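Here are the chains, one letter per residue:
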Amino acid sequence: MFVDGVRTPFGRAGEKGQYWNTRADDLIVKAMIGLLERNPNLPKDRVDDVAIAATTQQGDQGLTLGRTAAILAGLPLSVPGYAIDRMCAGGMTSVTTIAGAIAFGAYDIGIAGGVEHMGRHPMGFNADPNPRFLAEKLVSPDSLNMGNTAERLHDRFPSLTKERSDRFGMRSQQKVAAAYAAGKIQPDLIPVAIKSEAGWGLATQDEGMRPETTMEGLAALKTPFRPHGRVTAGNASPLTDGATVSIIASEQAARELNLPVKMRMVSFGFAGVEPEVMGIGPIPSTEKALRKAGLTIDDIGLFELNEAFAVQVLSFLDHFGIDDDDPRVNPWGGAIAIGHPLASSGVRLMIQLARQFEEHPEVRYGLTAMCVGLGQGGSVIWENPHFRGAGKGGK
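Rules and cut-offs
- Residues numbered from 1 in each chain as written.
- Predicted model: local features only at pLDDT ≥ 70, side-chain atom pairs only at ≥ 80, totals over all residues.
- Heavy atoms only, no water.
- Helix = DSSP H or I, 4+ residues; strand = E, 2+ residues; numbered from the N terminus.
- Rg over C-alpha atoms; globule rule 2.2 N^0.38 Å.
- Buried < 20%, exposed > 50% of the residue type's maximum accessible area, 1.4 Å probe, protein only.
- Areas by Shrake-Rupley, 256 points an atom, 1.4 Å probe, with all protein chains shown as cover.
- Lys, Arg positive; Asp, Glu negative; His and termini not counted.
- Charge placed at Lys NZ, Arg CZ, Asp CG, Glu CD.
- Pairing = 2+ DSSP bridges.
- Axes fitted to C-alpha atoms, helices over the stretch in contact; angles between N-to-C directions.
- Right-handed = clockwise from strand over helix to strand, strands pointing away.
- 1 Å grid on protein atoms, 1.4 Å probe; cavity = no way out; pocket = protein on both sides within 12 Å on 5 of 7 lines; lining within 4 Å.
- Points joined across faces, edges and corners; volume = space filled by probe spheres on them.
- Nonpolar A, V, L, I, M, F, W, Y, C, P; charged D, E, K, R; others polar.
- Expected span 1.5 Å × (residues − 1).
- Arc of directions from axis to C-beta.
- Contact = heavy atoms within 4.5 Å.
- UniProt positions renumbered as here; feature names shortened; annotations may be inferred.
- Polar contact = N/O pair within 3.5 Å; in protein donor to acceptor, adjacent residues only side chain to side chain.
- Patch = residues over 30% accessible without salt bridge, like charges linked within 9 Å, V, L, I, M, F, W, Y side chains within 5 Å.
- Salt bridge = Lys/Arg side-chain N within 4 Å of Asp/Glu carboxyl O.

## Digging into the overall build of the chain
Move 1: Check the secondary structure of the chain and you find 12 helices and 12 strands.
Move 2: Radius of gyration (C-alpha) of the chain: 20 Å, near the 21 Å computed for a compact globule of 395 residues.
Move 3: Taking the principal axes of its C-alpha atoms as reference, the chain extends roughly 55 × 55 × 50 Å.
Move 4: The buried share of the chain, reckoned over its 395 residues, is 59%.
Move 5: For the chain, the accessible area works out to roughly 15700 Å², and carbon and sulfur atoms hold 53% of it.
Move 6: Between the averaged position of the 39 positive side-chain charges in the chain and that of its 44 negative side-chain charges there is a distance of 1 Å.

Next comes the structure, spelled out in structure tokens:
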């Protein structure tokens with residue numbers, strides 16, 4: 001059971017970003033404290049384990065984050081913790097790993113999340129890929145650069161045009177702005193104290209939003225990954241800092257402690273694809289999750305798809321025969337506007353889906369899915385506890 005989830009506001013990575021002077025571990029600790037404070041029915045000593053993901057595990061983002069964050073967040077020393085790395089799907093894997101332990105009967109309650117400070121710890125920084133990858137042509141050099149893999153998707157599927165990607169990016173910005181204006185996103189944000197040259201302040205909203213985005217402006221942006229390419233800063237997620245965290249519990253434990261249940265996990269799937277086109281990863285992982293659940297894509301009434309790149313989401317939609325503007329898909333926008341702090345994003349998708357379930361009792365099943373670096377995809381199917389009748393995705 002997905003009991004609850006929160007996140008920090010997401011900030012632009014780099015010296016001009018709001019978290020430049022904030023430690024990575026402080027981001028996840030702040031989120032954890034906020035999550036525990038708004039769930040006072042959960043005795044801290046009932047937490048069986050803490051799984052926190054990060055992609056670049058070094059410095060203030062290293063040292064077995066689950067354990068260090070648990071101590072810093074005030075959990076009893078009897079509560080263990082560990083770190084996870086599945087690149088972009090780190091937080092998602094934290095959730096499925098804790099959920100698997102609960103399903104097995106080893107745990108009753110766990111905390112799962114992710115953090116990424118891409119300003120302090122750029123993706124792949126200090127990594128040393130085995131030379132055999134390239135020497136033995138196990139992968140193309142392109143596969144080690146996510147932007148190049150997105151360009152490869154445009155190459156492979158000519159129907160995935162730059163205009164479609166730009167329009168999807170613009171719509172993401174518009175939908176996030178509308179969701180903020182309607183107060184949809186703010187309830188799950190934990191404000192973070194921040195320090196800059198101007199003094200102390202408070203981060204209360206995502207920093208990467210560009211609601212003024214137009215198609216004309218997007219068309220003029222540079223294509224940094226190849227000359228005359230199609231991937232730009234306007235149709236891709238920005239480099240981002242932020243943290244997310246959730247409480248996962250068994251149905252029995254949730255009932256015993258009178259904890260809210262926002263979603264029930266039905267199934268999940270992870271799958272591998274060619275690293276050169278890693279963006280198609282959510283297609284086979286979703287097919288696997290659907291097969292395990294005994295469902296079809298037509299049973300899914302809400303989709304939260306991580307917008308690492310617009311072209312990646314569009315490849316998923318085309319494969320499953322879903323329209324670019326289908327209202328079931330990312331109704332409050334996504335990572336192009338909100339940001340994609342790698343290991344954090346999987347839980348961000350879950351937080352938004354849980355909120356949308358509350359508003360859509362006619363929907364029974366929802367999907368959170370994302371592509372993963374080096375050619376992987378991750379998908380989780382969730383059931384809406386508020387389901388009250390048949391409808392699209394309500395079988």
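What follows continues from the structure just given.
## Regarding the sheet that holds strand β10 (residues 300-305)
Move 1: With mixed pairing, the four strands of this open sheet are ordered in space as β9-β12-β11-β10. The open sheet is flanked by β9 (264-272) and β10, the only strands paired with a single partner. Recorded for the sheet is a direction-independent mean angle of 20 degrees between the axes of neighbouring strands.
Move 2: By the bridge criterion, eight bridges tie β9 to strand β12 (residues 376-383) in an arrangement that is antiparallel.

## Considerations on the pairing of strand β4 (residues 81-84)
Each regular strand carries side chains that alternate between the two faces of the sheet.
Move 1: Strand direction decides the pairing type here: strand β3 (residues 49-53) and β4, joined by four bridges, are parallel. Directly across from Ile52, in β4, lies its bridge partner Ala83.
Move 2: At this point the chain moves from β3, through helix α2 (residues 65-72), to the parallel β4, and the crossover so formed is right-handed.

## Overview of the layout of surface pockets
Rolled over the atoms, a probe as big as a water molecule pinpoints where empty space is left.
Move 1: Looking at the largest pocket, its volume works out to about 960 Å³.
Move 2: By volume, the second largest pocket amounts to about 310 Å³.
Move 3: Lining the second largest pocket are 14 residues, with Gln173, Gly208, Arg210, Ala233 and Gly234 sitting closest to its centre.
Move 4: Of the residues that constitute the lining of the second largest pocket, the class distribution is six nonpolar, six polar and two charged.

## Notes on helix α9 (residues 282-293)
Move 1: Between its terminal C-alpha atoms α9 stretches 16 Å, which fits the 16 Å expected from 12 residues at 1.5 Å a residue.
Move 2: Among the residues making up α9, those that are buried are Pro282, Ile283, Ser285, Thr286, Ala289 and Leu290. Along α9, the residues classed as buried sweep out an arc of 165 degrees about the axis, all on the same side. Of the residues in α9, the exposed ones pointing more than 90 degrees away from the buried face are Arg291 and Lys292.
Move 3: Residues of α9 that are buried sit in contact with β9, β10, α10 (310-319), β11 (365-372) and β12.

## Quick word on the UniProt feature "active site" (unreviewed entry) in the chain
Move 1: The sites that UniProt annotates as "active site" (unreviewed entry) are Cys88, His340 and Cys371. The named residues occupy 284 residues along the chain; their greatest pairwise C-alpha distance, 11.7 Å, places them in one compact cluster. Residues from the annotated list that form part of the lining of the largest pocket: Cys88 and His340.
Move 2: Relative to the assigned elements, Cys88 resides in the loop between β4 and α3 (90-104).
Move 3: Structurally, His340 can be placed in the loop between α11 (335-338) and α12 (345-359).
Move 4: Within the structure, the side chain of His340 is placed 3.4 Å from the side chain of Asn306, a separation counted as a polar contact.

## So, unusual backbone geometry
Move 1: Look at Met87: it is not a glycine, yet its phi comes out positive at around 45 degrees.
Move 2: Mapped onto the fold, Met87 is located in the loop between β4 and α3.
Move 3: Even without a glycine there, the phi angle at Leu374 is positive, about 65 degrees.
Move 4: Assignment of secondary structure puts Leu374 in the loop between β11 and β12.

## Some remarks on the environment of Glu383
Move 1: Here Glu383 shows up in strand β12.
Move 2: Taking C-alpha positions, Glu383 is 22 Å from Val313, a pair spaced 70 residues apart along the chain.
Move 3: For Glu383, the contacting residues outside a window of four places in its chain are Met263, Arg264, Val266, Phe357, Arg364 and Tyr365.
Move 4: Separated by 2.4 Å, the side chains of Glu383 and Arg264 make a polar contact.
Move 5: Reaching out from Glu383, the side chain makes a polar contact with the side chain of Arg364 at a distance of 2.8 Å.

## Here's the deal with a nonpolar patch on the surface
Move 1: Taken together, the side chains of Phe133, Leu134, Leu138, Leu144 and Leu374 make up a nonpolar region of the molecular surface, amounting to roughly 430 Å² of accessible area.
Move 2: Relative to the assigned elements, Phe133 resides in helix α4 (residues 132-135).
Move 3: Its relative accessible area of 35% is what places Phe133 among the partly exposed residues.

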